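These are the residues of each chain, in order.
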Amino acid sequence: MKNRFKDKVVIVTGASSGIGEATAREFALNGSKVVLAARSEFRLDQIVNEINTAGGEAIYIKTDVSIEEDCKHLIEKTIEKYAKIDILVNNAGLSMRAAFIDVDVRVLHRLMNVNFWGTVYCTKYALPYLIENKGSLIGVSSVAGFHGLPGRTGYSASKFAIHGFLETIRIENLKKGLHVMIIAPGFTATEIRKHALTASGAEQGESPKDEHKLKPPEYVAKWVLKGIRKKKRNKLLTWDGRLTALFQRIVPDLVDWVYYYEMSKEPKSPIK
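Structural notes, computed from the coordinates.

What counts and what doesn't
Residues numbered from 1 in each chain as written. Predicted model: local features only at pLDDT ≥ 70, side-chain atom pairs only at ≥ 80, totals over all residues. Heavy atoms only, no water. Core = buried A, V, L, I, M, F, W, Y, C linked by side-chain atoms within 4.5 Å. Buried < 20%, exposed > 50% of the residue type's maximum accessible area, 1.4 Å probe, protein only. Helix = DSSP H or I, 4+ residues; strand = E, 2+ residues; numbered from the N terminus. Contact = heavy atoms within 4.5 Å. Disulfide = S-S within 2.5 Å. Phe/Tyr/Trp six-rings, centres within 6.5 Å; stacked < 30°, edge-to-face > 60°. Salt bridge = Lys/Arg side-chain N within 4 Å of Asp/Glu carboxyl O. Pairing = 2+ DSSP bridges. Axes fitted to C-alpha atoms, helices over the stretch in contact; angles between N-to-C directions.

### Quick word on the nonpolar core
Stage number 1. By size, the foremost hydrophobic cluster in this structure holds 45 residues, and its most contacted members are L74 and M96.
Stage number 2. Of all the secondary-structure elements, those providing two or more residues to this core are β1 (9-13), β2 (33-38), α4 (68-82), α5 (105-132), α6 (153-172), β6 (179-184) and α9 (252-264).
Stage number 3. With near-sequence residues (within four places) excluded, L74 lies in contact with I11, T13, V35, A37, I61, T63 and C122.
Stage number 4. Within the second largest apolar cluster, 28 residues are counted, among which are V10, V12, A15 and V34.

### Observations concerning the state of the cysteines
Stage number 1. Evaluation of the coordinates by the stated rule reveals zero disulfides.
Stage number 2. The thiol of C71 is not disulfide-bonded; the next cysteine sulfur, from C122, is found 3.5 Å away.
Stage number 3. Since its relative accessible area comes to 0%, C122 is described here as buried.

### As for the packing of aromatic side chains
Stage number 1. Applying the stated criterion across every chain yields a total of five aromatic pairs.
Stage number 2. Ring centres 5.5 Å apart and planes at 80 degrees place the aromatic pair F5 and F27 in the edge-to-face group. Here the residue F5 occupies a position in helix α1 (residues 2-5), and F27 occupies one in helix α2 (residues 18-29), the gap between them amounting to 22 residues. Comparing F5 with F27, the two get one shared label, buried.

### Here's the deal with the pattern of salt bridges
Stage number 1. Scanning the model with the defined rule gives eight salt bridges in all.
Stage number 2. Close ionic contact of E21 with R25 constitutes a salt bridge, the shortest N to O distance being 3.0 Å. Taken together, the residues E21 and R25, both in helix α2 and four residues apart, mark about one turn of the helix.
Stage number 3. Three or more residues are tied together by salt bridges with common partners; here these are E21, R25, R43 and E50.

### Considerations on the sheet that holds β6
Stage number 1. Taking strand neighbours across the sheet as the criterion, the seven strands line up as β3-β2-β1-β4-β5-β6-β7 in an open arrangement whose pairing is parallel. Where the open sheet ends on each side, the last strands, each with one partner, are β3 (57-62) and β7 (234-236). Strand-to-strand, the axes of this sheet are offset by a mean angle of 15 degrees, without reference to chain direction.
Stage number 2. With four bridges joining them, strand β4 (residues 87-90) and strand β5 (residues 136-140) adopt parallel strand pairing. Bridged to L88 within β5 is L137.
Stage number 3. Where helix α3 (residues 41-53) meets the sheet, it contacts β2 and β3, and its direction lies at approximately 170 degrees from that of β3.
Stage number 4. The strands touched by α6 within the sheet are β5, β6 and β7, with β6 carrying the most contacts at an inclination of about 160 degrees.

The following block contains the structure:
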């Protein structure tokens, strides 16, 4: 597996924490040249220094994926440094927790700008280089991209949009050797729920989940690499996610009620 990724040039967005950070570190451990992208320059600098001190190779490029020029700059600087791109992991993401009837529509705009348009912008500028190297284009998604989650309208909408976008990119490039994978990790112990937006657009501040019971981001990172190595199309890491993808085609009404019940049980749930 190490040989499979040795000297591959990999871009990971949202790499300053959580799944993005763990994925960047995992690629570095496997011999890749990793480009970390996020808004937190201080944290990116720390991670890159740790990777390089441990014998890996990494650089960072401060990037706000909701800004097209930032994404273009990310790709240009990567090419300037390494002259190629083998793998792009679109991981940067933002969540929310509010009933649609209460939410400020600007919250949905923010989620679409980061989750969907961030994926579109980075993919647009990286795609020629990925095709040239018969590389891998990855979207870190969620079960929310397979079935709507109550209280997460903007999040679900952005993930559904990402799925449609990446699936179309896959089909358009069937003859060009491009690998496209959508990976849905399930609930993972990261900061995303703490930073989830409420109805007003303020950060939630605390997670409604018991983070200690969730899978660590390192677990997801290993599966990202496994999925690329095996040329997976879709990878749902939890049985909940797999059953959702299956049953929403067979008994969608039941899935609706299950998610309604589960989300309504959360502390301070917006779903009553």
